[in-house]
Amino acid sequence: MRGLRVLERILSTIPIVFGVAVIVFCVMRFTPGDPIDVMMGREGHVSQEQIDALRREFGLDKPIHVQLYMFLSRAVRGDLGNSLTKHRPVSALIRERLPATVELALGALVFSLVLAIPIGVISAVRQYSFVDRASMAAAFFGISMPAFWLGIISIIVFSVRLGILPSYGRLPYGLEPARVTGLYVLDSVLTGNVSSLVAALRHLLLPSVTLGAPMAAIVARVMRSSMLEVLRQDYVMLARAKGLTEWAVITRHALVNALIPTVTVVGVQTGVLLGGNMIVETIFSWPGIGRLAVDAIFNRDYPLVQGVVMVYALTFVLANLAVDILYTYINPKINL
Amino acid sequence: MGRRNLFVWFVIMLAMLAGGIISGCAKKAEPPPSDQLRTLSFTIDCENYNKAVAEAVAQQLRELGVDVQVRVWGDWAVLKEALLNKEREMLVNDWGNSTLDPYDLLNPKFETGGRGNYAHYSNPRVDDLLKRGATGTDEAERERIYKEVQEILYDDAPWVFGYAMQEIEASRKTVQNWVPATDSRINLHRVSLTEGDTLVVGIRATIESLDPANHRNRIAETVIRNMFDGLVTRTPDGKVVPEIAESWEAISPTLWEFKIRKGITFHNGEPLTADDVKFTFDRIITEGGLGNGKSSPRKAGLLDPVTEVEKVDDYTVRFHLSAPWPIILQMLVHQQIVPKDYVERVGSEEFAKKPIGAGPFKFVEGKLDERVVMERYDGYYGGSPDIPGAGPARIKRAIFEVIPETSTRVAALQSGQAHIIQSVPPELVPELDKDPNCEVKTVEGTRVYFLEMNVTRPPFDDVRVRQAMNYAIDWDLIIEKVLGGYATRLNGPLLPHGFARHTGLSPYPFDPDRARQLLREAGYRTE
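Please read all numbers here as calculations on a predicted model, not as lab measurements. (Residues numbered from 1 in each chain as written. Chains lettered and ligands numbered in written order. Predicted model: local features only at pLDDT ≥ 70, side-chain atom pairs only at ≥ 80, totals over all residues. Heavy atoms only, no water.)

Enquirer: How do you make sense of the overall build of chain A when you look at a structure like this?
Expert: Tallying secondary structure elements over chain A gives 13 helices and zero strands in all. Listing every helix and strand of chain A by position from the N terminus yields α-α-α-α-α-α-α-α-α-α-α-α-α. Summarising its shape, the C-alpha atoms of chain A cover approximately 85 × 55 × 40 Å along the three principal directions. Partitioning the intrachain contacts of chain A with sequence separation of at least 6 by distance along the chain shows that 73% fall at a separation of at least 24. Here chain A has roughly 16,400 Å² of accessible surface; of this, 69% comes from carbon and sulfur atoms. (Helix = DSSP H or I, 4+ residues; strand = E, 2+ residues; numbered from the N terminus. Contact = heavy atoms within 4.5 Å. Areas by Shrake-Rupley, 256 points an atom, 1.4 Å probe, with all protein chains shown as cover.)

Structure representation (C-alpha cells):
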C-alpha cells in the first residue's frame, strides 16, 4: 500500500516539472536582451547578415511556439540542447559541474545539522539560560547575514589575515584525485589520497560555512521550539517519573518526536541551499552549476539557463518528495 | 483700387512677419522670464561597475537645481536594447580603443548609425570626415581630419567628456619583470619568479574560447596570447613591433607584404610557414571558415578590409585590401597564427579543446570557467626581438584562474594563492598598498569614460543643455575622490596618448555659473 502511494507521489511531480519547463522557457524568451547581441560582445561589430546567420544556426528565427515544441520534445528524451556560448551539450555541462554543487550543498548540510541540532536541543533543555540566549542571538545573526558579506568577511579573516584557509576554488592544480564520483572529498577517501583529502576539506570549509549558516540558524530555532513543545508532553513527564536519566529522556523519547518539523525544514532548505549557491559559488570561485547559471543568464544562453533551472526545480521537487516519504518512517501515524 | 489695397495689406503683413521674426530672435537670446522656467529633469543610466561615478555626477547636478535620478541596470543586454530604441536620456559609458587610433573609437561612436552611437549623434560633415579618416593613407592628412572632427564634437558636445582610466593590476613582490600592458593583456613570456616556478594569474571572468578565431573577448585574448603569437605585437606602452613577421612593407595602400621569420615551430614541432599564416586569416575572413557552417566572429570590425591573403613563397604573404586601411598593423596585433595541418586534421572544435600555437607556453589542460594550465615551450623561437628579454619563457608553468568576485581576487593575491591579478578596483588599492607582499601596478589604459547624451530627444536635443552639462561637472573632484586619482581628464573623445589627439583643446572647465547661464537660456530653472 505504501509503495503504491509513493509511486503516486512520484508521478504527481511530472506535471510540476513540465510546468516549470514551460514557464522558464517563456520567461527567458520575454526577458529583454538577445543572445546573439551579447555573444558579439559589448562593442558588437557585426553586420545584420551575420546576426541572421547565427539566429538560423541556433533556431532563434523560428516562432516561439515552434521553439517551445522543439525544446520540450527534445527534453523528454533527455536532450537539453547545446549551450549557445559554450558550444557544448547542456546536459554534459551540468553533469560536469553538478558534483561541485552537490559537494558544497552536502558540506553546508553537514555543517548546519551538526551545529544546529545540538544547539537547538541544549537551548530547549536549558531554556532562558545564558547558553539559550546566546545561541538564539547567534541564530538571529545567522539568518540576517547576507551570504556575500559573510563570505567576504570570512575570506578576509581566515585567508588574508590568518592565512590558514584558501580563498577560492575546489583544489589547487595537480591535487585532483582520480575521478570516481566527482565529489573530491569522497574521491580522495575512496582512492586513499590523503593530501587531496586535506586540501579538499580546507577548500570546502569556508564556502560550506557561508552557505550553511542561514540554514543552521533556522534549524536551530525550529529544533528549539519543537523540542520545547515535546518536553511539555505527558509522556515525557511519564518517562521522567519512571526514573529514566535525563539523557535517555531527551535522546530516546523527546528528540525523535521533535525531529519531524526539523526534517520538513531541512527538506525545503535543501532547495534553498542549491539556490543560494549562485552567490556563494561566485564569491568562492566554486565551479558548480550556480556559476554556470550566472554566466548563462548574463549571456542569454537560453538552453543553458533552462537546463540549470530544470535541475533546481527537480531538486526542490525531489527534496520535498523525500521529506514526505521520510515522515512515514519517523512517524508511522502520518499517511502519504 | 483693389490692387493697391492688396499691395498695402501685403506690405503690412510682411512687416508684421519680419517684426515677429526679429522679436522672436531677440527673445531667443534673452532667457525667458523666471516664471516660465522649467525644472530640468532626467535619468542617468549606469551599470553596477560605474555606479559610483553616476552618483557623484548626479550629486553635482542636483546642486545646480537639476532633478536627476540614477538608474543602475543589472544587465547590459537589457539596457542596450533601450538605448537602441532611443528611449534613454543620459548614459555613463566607456569604450575601448586598444589600437590607439581614432578609427575604432570615433567611427563607431559618432558616425550616423554607428554600432556604438548611443547618443544617436548625426552630422553629415562629421560622417564625411570620418569616412575619409578611415581610408586615408597620408598620416598628416588623417591627423588634420580627426582634429577637425574633435573640434566639431567639442562644440556639439554629444558627450560629457570624462576621463581615461588607468589599468590597475597587482602582483606579489616575488614576481619579476612584469608590467601591465596598455592594451590590458597579461603576457607572461618575460616574467620570472623569485620563489617557485608556477605562476598563477587571477582573471576576472570566464574565458570564452581558446581558439584565436572564435572569441570576441579581451580575457580570452589575454590567455590565448600566452600560447599563440601574432604577426606583430605591441610593446607594453603600445608601439607595434614585429613578432612572427620579421618585416613588412606597404607595396601600395591596398597591398601589404609580410616576411615571416624562419625557424619558428608550433608546440607539436611542425614549422610555421606562409601556409599557416594564410590558413589563419582565411579561416577568419571566409564565410563558414570555422567549419560546420560557422563563421569567425573576428572579422567584422577587426579585419573587414582584408579581401585576400596570398602566399608568395614559403616565408612571404601579401594582404590584399578592399580599401586603404591605415591601421592594419594595429589590428593584426589581435590575430594569432594557428597551425594549418593540425587544425585541418582535428577540426575547430577539437582544436579549441587542445589548442596548439607557436607562443611561449603550451597548453596542458583547461576548463574555461575554472582554470587553464600551460607549461613553458622549450622550442620557442624567443618572441619579438624588439622587446627586451627575448628567449624561452622564464617560468615553468603558468595557470590562469577564473576568479570573478573582485574581493576574492584581491584576497587570493594577498594570501599568496595568486601571483598576478587583473582589474583591481581603486577602492581596494589602499588595502594592497599596505600589504608588504603585494605591489599595485598601473598603466595608461585604452578605455575612455564619458556620459553619452541622447541628442534625439529633450532635454539633450538642445546643444546648450549638453554644453551646460560639460561645464557643470567637476571631474577633477570625481577623479580624486571616486577614482582614487587613477584617471586622466579628457579634452574631447580621444585618449590622452592616442593618435591625432587635438592638443589645442583644453578640457571643459568646471564652471557652474556658465552652466547655469546656459541652462537658463535653454529655459531651465537653476536654483
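Enquirer: What's the story with the interface of chain A and chain B in this structure? I'm lost.
Expert: For interface size, the figure often reported is the accessible area lost on association. Listed by partner, the interface residues are 38 residues for chain A and 46 residues for chain B. Between chain A and chain B, the buried area comes to about 3,700 Å², and carbon and sulfur atoms account for 48% of it. Here chain A is connected to chain B by three salt bridges. Across the pair R97 of chain A and D369 of chain B runs a salt bridge whose closest N-O atoms are separated by 2.8 Å. Remark: the boundary between chain A and chain B carries 10 residue pairs in polar contact (both at pLDDT 80 or more). The set of elements that each furnish at least two residues to the side of chain A that touches chain B consists of α2 (35–39), α3 (48–58), α7 (147–161), α11 (246–283) and α12 (289–298) of chain A. Partitioning the side of chain A that touches chain B into residue classes produces 17 nonpolar, 10 polar and 11 charged. (Buried area = accessible area lost by both parts, 1.4 Å probe. Salt bridge = Lys/Arg side-chain N within 4 Å of Asp/Glu carboxyl O. Polar contact = N/O pair within 3.5 Å; in protein donor to acceptor, adjacent residues only side chain to side chain. Nonpolar A, V, L, I, M, F, W, Y, C, P; charged D, E, K, R; others polar.)

Enquirer: What am I meant to see in unusual backbone geometry here?
Expert: The phi torsion of most residues other than glycine is negative, and most of the peptide bonds are trans. Of note, the amide linkage connecting P458 of chain B to P459 of chain B takes the cis form, showing an omega dihedral of 0 degrees. Looking at the element boundaries, P459 of chain B is found in the loop between β18 (438–453) and α13 (463–472). Although it is not a glycine, Y128 of chain A sits at a positive phi angle of roughly 65 degrees. Assignment of secondary structure puts Y128 of chain A in the loop between α5 (90–125) and α6 (130–144). Here A157 of chain B, not a glycine, exhibits a phi torsion of approximately 45 degrees, which is positive. Position of A157 of chain B among the secondary structure elements: in the loop between α6 (139–156) and β4 (159–172).

Enquirer: What should I look at first to understand the sheet that holds strand β13 (residues 316–321) of chain B in this one?
Expert: Across a sheet, strands are paired by hydrogen bonds formed along the backbone, either parallel or antiparallel in direction. All names here are of chain B. Pairing within the open sheet is antiparallel, and its four strands lie in the order β10-β11-β13-β12. Strands with a single pairing partner mark the edges of an open sheet, and in this sheet they are β10 (245–252) and β12 (306–313). With direction set aside, neighbouring strand axes in the sheet form an average angle of 20 degrees. Running at roughly 165 degrees to β12, helix α8 (residues 274–285) makes contact with β11 (255–260), β12 and β13 of the sheet. (Pairing = 2+ DSSP bridges. Axes fitted to C-alpha atoms, helices over the stretch in contact; angles between N-to-C directions.)

Enquirer: Help me understand the packing of α5 of chain A against helix α13 (residues 302–330) of chain A, please; the structure alone is not making it clear to me.
Expert: A pair of packed helices is captured by two measures, namely the crossing angle of their axes and the spacing between those axes. Residue and element names in this part refer to chain A. Relative to each other, α5 and α13 sit at 50 degrees, their axes nearing to 9 Å. Overall, the two elements α5 and α13 adopt an arrangement that is oblique. Classified by chirality, the crossing of α13 by α5 is right-handed. Residues V90, L93, I94 and L98 of α5 form the contact with α13, whose participating residues are P303, L304, G307, V308 and V311. (Parallel < 35°, antiparallel > 145°, perpendicular 65-115°, else oblique. Left-handed = near helix turned anticlockwise from the far one by under 90°.)

Enquirer: What is the right way to look at the nonpolar core in this model?
Expert: The nonpolar side chains of a soluble globular protein tend to be buried with one another. Residues and elements named next belong to chain B. Residues F42, I44, L61, L188, L231, F319 and M469 are the most contacted members of the largest nonpolar core, which totals 155 residues. Ranked by residue count, the leading element in this core is β4, at eight residues. The residues that make up this core include at least three from each of domain 1 (30–165 + 446–521) and domain 2 (174–402). When neighbours within four sequence positions are excluded, F42 is seen to be in contact with L61, V66, D67, V68, Q69, E89, M90, P459, F460 and M469. (Core = buried A, V, L, I, M, F, W, Y, C linked by side-chain atoms within 4.5 Å. Buried < 20%, exposed > 50% of the residue type's maximum accessible area, 1.4 Å probe, protein only. Domains from an automatic or database assignment.)

Enquirer: Mind showing me how you'd approach a nonpolar patch on the surface here?
Expert: All names here are of chain A. Together, F141, F148, W149, I153, V157, F158, L162, I164 and I279 line one region of the surface with nonpolar side chains, adding up to about 820 Å² of accessible area. No other element matches the five residues that α7 contributes to the nonpolar patch. Structurally, L162 is set in the loop between α7 and α8 (184–190). (Patch = residues over 30% accessible without salt bridge, like charges linked within 9 Å, V, L, I, M, F, W, Y side chains within 5 Å.)

Enquirer: Would you mind showing me how to read the side chain of T99 of chain B here?
Expert: Along the chain, the position of T99 of chain B falls in the loop between β3 (90–96) and α4 (106–110). Discounting chain neighbours no more than four positions away, the residues touching T99 of chain B are D104, R234, Q330 and M331 of chain B.

Enquirer: Could you clarify how one ought to interpret the pattern of salt bridges in this entry?
Expert: Charged atoms that come close allow side chains of opposite charge to pair. Residue and element names in this part refer to chain B. Under the definition given, this model contains 39 salt bridges over all chains. Here D211 and R283 are joined by a salt bridge, their closest N and O atoms 2.6 Å apart. Taken as a pair, D211 in the loop between β7 (198–203) and α7 (218–224) and R283 in helix α8 lie far apart in primary sequence, 72 residues in all. Accessibility assignment for this pair places D211 and R283 in one class, buried.

Enquirer: Looking at this model, I keep getting lost on the domain arrangement of chain B. Mind explaining?
Expert: Residue and element names in this part refer to chain B. Each assigned domain of chain B is listed here: domain 1 (30–165 + 446–521) and domain 2 (174–402). Look at where the C-alpha atoms of domain 1 and domain 2 centre, and you get two points 35 Å apart. Contacts between the two partners involve 15 residues from domain 1 and, on the opposite side, 15 residues from domain 2. For the pairing of domain 1 and domain 2, the buried interface totals around 1,200 Å² over both sides, and the portion due to carbon and sulfur atoms is 59%. Of all residues in domain 1, the largest losses of buried area upon contact with domain 2 belong to S98, T99 and Y103, amounting jointly to 41% of the total for that side. Summed over the shared surface of domain 1 and domain 2, the result is zero salt bridges. Counted by class, the side of domain 1 that touches domain 2 contains three nonpolar, 10 polar and two charged residues.

Enquirer: Help me understand the packing of aromatic side chains in this model?
Expert: How two aromatic rings sit relative to each other is given by the distance of their centres and the angle of their planes. All names here are of chain B. Applying the stated rule across the entire model yields 18 aromatic pairs over all chains. Their ring planes at 55 degrees and their centres at 6.3 Å tell us that W159 and F161 sit as a pair that is tilted. This pair shows no difference in class: W159 is buried, exactly as F161 is. On the numbers, 6.3 Å between centres and 45 degrees between planes, the contact of W248 with F258 is tilted. Linking W248 in strand β10 with F258 in strand β11, this pair joins segments that are 10 residues apart in sequence. F258 sits in the buried class, given a relative accessible area of 0%. Three or more aromatic residues joined by ring pairs make a cluster, and in this case those are F110, Y121, Y154, W159, F161, F450, Y471 and Y508. Here R38 stacks its cationic end above the ring of Y524, 4.6 Å away from the centre of that ring. Above the plane of the ring of W73 lies R71, whose end atom (NZ or CZ) is 3.8 Å from the centre. (Phe/Tyr/Trp six-rings, centres within 6.5 Å; stacked < 30°, edge-to-face > 60°. Lys NZ or Arg CZ within 6 Å of the ring centre and 35° of its normal.)

Enquirer: Help me understand the domain arrangement of chain A in this model?
Expert: Residues and elements named next belong to chain A. Examined at the domain level, chain A breaks down into domain 1 (19–75) and domain 2 (96–330). Using only C-alpha atoms to locate each centre, domain 1 and domain 2 end up separated by 37 Å. Every contact between the two is made by 14 residues of domain 1 and, on the other side, nine residues of domain 2. Both faces combined, the contact of domain 1 with domain 2 buries some 1,100 Å², and carbon together with sulfur accounts for 73% of it.

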